[in-house]
Amino acid sequence: MPLLRFDVIEGRNEQELRQLLDAAHEAMVEAFDVPHSDRYQIVHQHPAHEMIIEDTGLGFERTKNLVIISIVSKARTNAQKERLYALLTERLESACGISPDDVMISITENGAADWSFGRGEAQFLTGKL
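It should be emphasised that the depicted structure is a prediction, and the values quoted were computed from it without experimental measurement.

So, the overall build of the protein
Working step 1: The number of helices and strands found in the protein is three helices and four strands.
Working step 2: The N-to-C order of helical and strand elements in the protein reads β-α-β-β-α-β-α.
Working step 3: Relative to a compact globule of 129 residues, whose C-alpha radius of gyration would be 14 Å, the protein shows 15 Å and is just as compact.
Working step 4: In the protein, buried positions account for 34% of the 129 residues.

Given below as structure tokens:
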């Protein structure tokens, strides 16, 4: 049920984007223990001048491979979140060659009443999910 939005600098081809999404999904399945078929991902590509992502004084060296991952999910433990951060950076580096310095992740939590998967229903509230 987590919804992932990927903001990237334009220029990746379809195969590169698919590798990125697949690697992120595998990390999500492992860290958050979601079913493999529970996959909701959106990619937004931007010209380089539309993304200004600095290092917050931490010494990151950002490149054109920058990926911002925004996640909307029900509440997760700190341990699950830390596991996800580690897995995402590991998988994106090994599968896509994206440096951990180029991966920024943000999680926004919400509850059962905040989701409708279609048909105008809140499936978590109705018991369908």
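A look at the nonpolar core
Working step 1: Grouped together as the largest cluster of nonpolar side chains are 25 residues, with contacts concentrated most on Phe6, Leu20, Ile69, Ile71 and Leu84.
Working step 2: Counting residues per element, the ones that place at least two in this core are strand S1 (3–9), helix H1 (14–32), strand S3 (67–74), helix H2 (78–96) and strand S4 (103–110).
Working step 3: When residues in this core are grouped by element, the largest group, 10 residues, is from H1.
Working step 4: Filtering out sequence-adjacent residues up to four positions away, Ile71 remains in contact with Pro2, Leu3, Leu4, Met28, Leu84, Ile105, Ser106, Ile107 and Thr108.

Quick word on the packing of H1 against H2
Working step 1: For the pair H1 and H2, the least separation of the axes is 8 Å and the interaxial angle reads 150°. With respect to H2, the axis of H1 lies roughly antiparallel. Crossing handedness for the pair H1 and H2: right-handed. Along the contact surface, H1 presents Gln19, Leu20, Ala23, Ala24, Glu26, Ala27, Met28, Glu30, Ala31 and Phe32, while H2 presents Gln80, Lys81, Arg83, Leu84, Leu87, Leu88, Arg91, Leu92, Ala95 and Cys96.

Quick notes on the sheet that holds S1
Working step 1: Strand order in the open sheet made by the four strands is S2-S1-S3-S4, with mixed pairing throughout. Of all the strands in the sheet, the pair left with one neighbour each is strand S2 (40–46) and S4. Averaged over all neighbouring strand pairs, the angle between strand axes comes to 15°, with direction disregarded.
Working step 2: Judged from the six bridges that link them, S1 and S3 form a sheet pairing that is antiparallel. From the neighbouring strand, Phe6 faces S3, where its bridge partner is Ile69.
Working step 3: Contacts from H2 reach S3 and S4, with the element oriented near 145° to S4.

Describing H2
Working step 1: Taking 1.5 Å of rise per residue, the 19 residues of H2 would be expected to cover 27 Å, and the 26 Å separating its terminal C-alpha atoms lies within 8% of that figure.
Working step 2: For H2, the complete set of buried residues consists of Lys81, Leu84, Leu87, Leu88, Thr89 and Leu92.
Working step 3: In this fold, the buried residues of H2 make contact with H1, S3 and S4.
Working step 4: Residue Gly97 follows H2 closely and has a positive phi angle near 70°.

Reading the values: the criteria
Residues numbered from 1 in each chain as written. Predicted model: local features only at pLDDT ≥ 70, side-chain atom pairs only at ≥ 80, totals over all residues. Heavy atoms only, no water. Helix = DSSP H or I, 4+ residues; strand = E, 2+ residues; numbered from the N terminus. Rg over C-alpha atoms; globule rule 2.2 N^0.38 Å. Buried < 20%, exposed > 50% of the residue type's maximum accessible area, 1.4 Å probe, protein only. Core = buried A, V, L, I, M, F, W, Y, C linked by side-chain atoms within 4.5 Å. Contact = heavy atoms within 4.5 Å. Axes fitted to C-alpha atoms, helices over the stretch in contact; angles between N-to-C directions. Parallel < 35°, antiparallel > 145°, perpendicular 65-115°, else oblique. Left-handed = near helix turned anticlockwise from the far one by under 90°. Pairing = 2+ DSSP bridges. Expected span 1.5 Å × (residues − 1).

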